[in-house]
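Structural overview for review
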Amino acid sequence: MKRKEFIRNSALISTGLTLGSNITGISGYMPHKNESGITAVIPLPIQVVIDDVGWWSGEDGNQRQEPYRTGIDRNHVPADYSAIVRLGQQLGIRPQAAMILCEWDKENILRQLPTSTWMGADWDNKKWVGPWLEEAAEIIRNNRDHYELTMHGVGHEYWIDGQFTRAEWADSNGTMRPLDQVELHLDYFGALLRQHGLEPFPTSFVPTAFLHGFGPTGDHDQSMAAVLAKRGFEYINTPFYNMYNAGGTQYEEFGFDAGVITVDRGRDIFSWRAIGQGPDGEVHGATCGLHWPNLLHLDPERNFEVVDQWVEFLRPYNDRMDTMLAPNSLAFRHQLVHHVCTKTEVTGAMIMLDFNEVDMLPGNLGRSNLTLKLQSPVEMAFESSTIRLVDSRVMEHGTSYHYTLQLERMPGIKEARISLLTTER
């Protein structure tokens, strides 16, 4: 047994779960083709996650013990929030905006939380209090279908006696900050949301500077995920290459920590401060990770030029057999666990879906909807009494037909069958 399989089995057993000996957990990666040339695959979902949203100053201030911020040569404006919304609208998705909120503080409440800013108890945010706050807040509130407010942090770093260390939630070793400070930072993040009518509290988290530990760290008896779970968080997105105890995850792509799914972000395409250029390269893994400048232009009036290049870059991932753009982060999580854990087989005129491993996972992920893609040399129709066919779309690609099926699981059904019916023109 490989080390990761051993870790996965042990972790599931520790939560009262076991794996059947015939479940591999990797079936979503490989297309399954029958003798008639019909291929079926559960595509990898791709979720767009944008970090460091929320600063009004773009200045990299780390040489003065201030945050790195976004590191660009201009201040941010409400149009920068509209850029995120446009990306979502054009692609029919809900990008995650991982937000830093200290420069949204219009009441200087952060004076009471000196570890959260470079000014400590002398915090004064009057420079960034103005009508632009309400304008940006209104953009967020009015476009929740295309903007998911995700927690990044209050001030991004952690200050002691005016000196910052990376980062807000964990130190450079991934060890969680003192529990009382973590709880206070969460409290004040919520208070800043309330100042602008941006509730409810988010359920997704991106650790600042990607410093995070999987499971308890240091001398803590609970993990950061456990602290977040008590406040309703369901999902953490962070690169595993930088995560303490990444080997403790149950799968290569994700793990469950205190019931919270932690997803490997992988590596971003661009440098964190790159601005005004279209994307190049390829998304590797389930997250298309950006930093805010990557979506913007030095001239805010030209932001949409950059956004539209991202639209053209990302749209083809929806048309490929092996990938899809996740419409939102919840659908993303459901699809990801199916991609990794659900066994798919095409036998004769039947698609077999085995959900046994999915149903061993904590929580309710994988118990709802999923997307299945098929490629066929002939036109097809589908029917099933064991899974609901919510929607079916087809595109012709040369001499073959590409189908996208939206499926909804039925309660209690762990093995579904879909009949493949040929149709005549």
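Model, not experiment: these values are computed from the prediction.

**A short note on the overall build of the chain**
Each helix and strand counted, the chain has eight helices and 22 strands in total. For 425 residues, the compact-globule estimate of 2.2 N^0.38 gives 22 Å, and the C-alpha radius of gyration of the chain, at 23 Å, lies within 12% of that figure. In terms of its C-alpha atoms, the chain occupies a principal-axis envelope of roughly 75 × 50 × 35 Å. Within the chain, the fraction of its 425 residues that count as buried is 56%. Considering the chain, the positive charge centre built from 37 side chains and the negative charge centre built from 55 side chains are found 2 Å apart.

**Side note on the environment of Leu 407**
Within the fold, Leu 407 resides in strand 21 (residues 400-409). Leu 407 sits in the buried class, given a relative accessible area of 1%. Sequence separation between Leu 407 and Met 350 is 57 residues, and the spatial gap between their C-alpha atoms is 15 Å. Once you skip the residues sitting within four places of it in the chain, Leu 407 turns out to touch Leu 353, Ser 368, Asn 369, Leu 370, Leu 372, Ile 387, Arg 388, Leu 389, Val 390 and Ile 418.

**Some thoughts on the environment of Gly 120**
One can find Gly 120 in the loop between strand 4 (96-100) and helix 3 (131-141). Separated by ten residues in the primary sequence, Gly 120 and Leu 110 have C-alpha atoms spaced 7.9 Å apart. Sequence-distant contacts of Gly 120, defined by excluding residues within four places in its chain, comprise Leu 110, Arg 111 and Pro 114.

**Regarding helix 2 (residues 79-91)**
Given 3.6 residues to a turn, an α-helix orients residues that are three or four positions apart in the same direction. Across its 13 residues, helix 2 extends 19 Å between first and last C-alpha, which sits within 8% of the 18 Å expected from 1.5 Å per residue. Every buried residue belonging to helix 2 is among Asp 80, Tyr 81, Ala 83, Ile 84, Val 85, Leu 87, Gly 88 and Leu 91, and all of these are buried. Of the surrounding elements, those touching the buried residues of helix 2 are strand 3 (44-53), strand 4, helix 3, helix 6 (303-314) and strand 15 (323-325).

**Considerations on unusual backbone geometry**
Residue Ala 167 follows Arg 166 across a cis peptide bond; omega there is 0 degrees. Structurally, Ala 167 can be placed in the loop between strand 7 (163-165) and helix 4 (179-195). Across the junction of Glu 199 and Pro 200, the peptide omega takes the value 5 degrees, indicating a cis bond. In this structure, Pro 200 sits in the loop between helix 4 and strand 8 (204-205). Despite not being glycine, Asn 108 shows a phi value in the positive range, around 55 degrees.

**Section: the nonpolar core**
Core analysis: the biggest nonpolar cluster contains 72 residues, and Tyr 81, Leu 87, Met 99, Trp 104, Tyr 147, Trp 310 and Leu 314 have the highest contact counts within it. Every residue in contact with Leu 87, bar those within four places of it in the chain, is listed here: Val 48, Ile 50, Ile 93, Pro 95, Leu 295, Val 307, Trp 310, Val 311 and Leu 314. Core analysis: the next-biggest nonpolar cluster, separate from the first, contains 21 residues, Tyr 251, Phe 254, Ala 326 and Val 337 among them.

**Comments concerning the pattern of salt bridges**
Across all of its chains, the model carries 23 salt bridges by this definition. Across the pair Arg 273 and Asp 60 runs a salt bridge whose closest N-O atoms are separated by 2.7 Å. Highlighted residues: Arg 273 in the loop between strand 13 (260-264) and strand 14 (287-291) and Asp 60 in the loop between strand 3 and helix 2, separated in sequence by 213 residues. Take Asp 60: its relative accessible area is 24%, and that puts it in the partly exposed class. Between Arg 231 and Asp 187 there is a salt bridge whose closest N-O contact spans 2.8 Å. Taken together, the residues Arg 231 in the loop between helix 5 (224-229) and strand 10 (235-238) and Asp 187 in helix 4 connect sequence positions 44 residues apart. Taking relative accessible area as the criterion, Arg 231 reaches 30% and is therefore assigned partly exposed.

**Digging into the sheet that holds strand 22 (residues 415-422)**
Strands pair in a sheet through their backbones, by hydrogen bonds, and they do so in one of two ways: parallel or antiparallel. If you walk across this open sheet you meet the four strands as 16-17-22-19, and the pairing is antiparallel. Looking along the sheet, the strands with just one partner apiece sit at the ends: strand 16 (343-347) and strand 19 (380-383). Between one strand axis and the next, the sheet turns by 25 degrees as a mean value, whatever way the strands run. The pairing of strand 16 with strand 17 (residues 350-354) spans five bridges and is classified as antiparallel. Within strand 17, the position partnered with Lys 343 by the bridge is Asp 354.

**Considering the pairing of strand 5 (residues 148-153)**
When you tally the buried positions in strand 5, you get six out of six residues, the bulk of the element. Strand direction decides the pairing type here: strand 4 and strand 5, joined by five bridges, are parallel. In the sheet register, Gln 96 faces strand 5, and the bridge partner there is Glu 148. You can see the chain leave strand 4, run along helix 3 and come back into strand 5, and the turn it takes is right-handed.

**Some details on the packing of helix 2 against helix 3**
Packing of helix 2 against helix 3 leaves a shortest axis separation of 9 Å and a crossing angle of 10 degrees. One finds that helix 2 runs roughly parallel with respect to helix 3. Touching Tyr 81, Ser 82 and Val 85 of helix 2 are Ala 136, Ile 139 and Ile 140, all from helix 3.

The rules we used
Residues numbered from 1 in each chain as written. Predicted model: local features only at pLDDT ≥ 70, side-chain atom pairs only at ≥ 80, totals over all residues. Heavy atoms only, no water. Helix = DSSP H or I, 4+ residues; strand = E, 2+ residues; numbered from the N terminus. Rg over C-alpha atoms; globule rule 2.2 N^0.38 Å. Buried < 20%, exposed > 50% of the residue type's maximum accessible area, 1.4 Å probe, protein only. Lys, Arg positive; Asp, Glu negative; His and termini not counted. Charge placed at Lys NZ, Arg CZ, Asp CG, Glu CD. Contact = heavy atoms within 4.5 Å. Expected span 1.5 Å × (residues − 1). Core = buried A, V, L, I, M, F, W, Y, C linked by side-chain atoms within 4.5 Å. Salt bridge = Lys/Arg side-chain N within 4 Å of Asp/Glu carboxyl O. Pairing = 2+ DSSP bridges. Axes fitted to C-alpha atoms, helices over the stretch in contact; angles between N-to-C directions. Right-handed = clockwise from strand over helix to strand, strands pointing away. Parallel < 35°, antiparallel > 145°, perpendicular 65-115°, else oblique.

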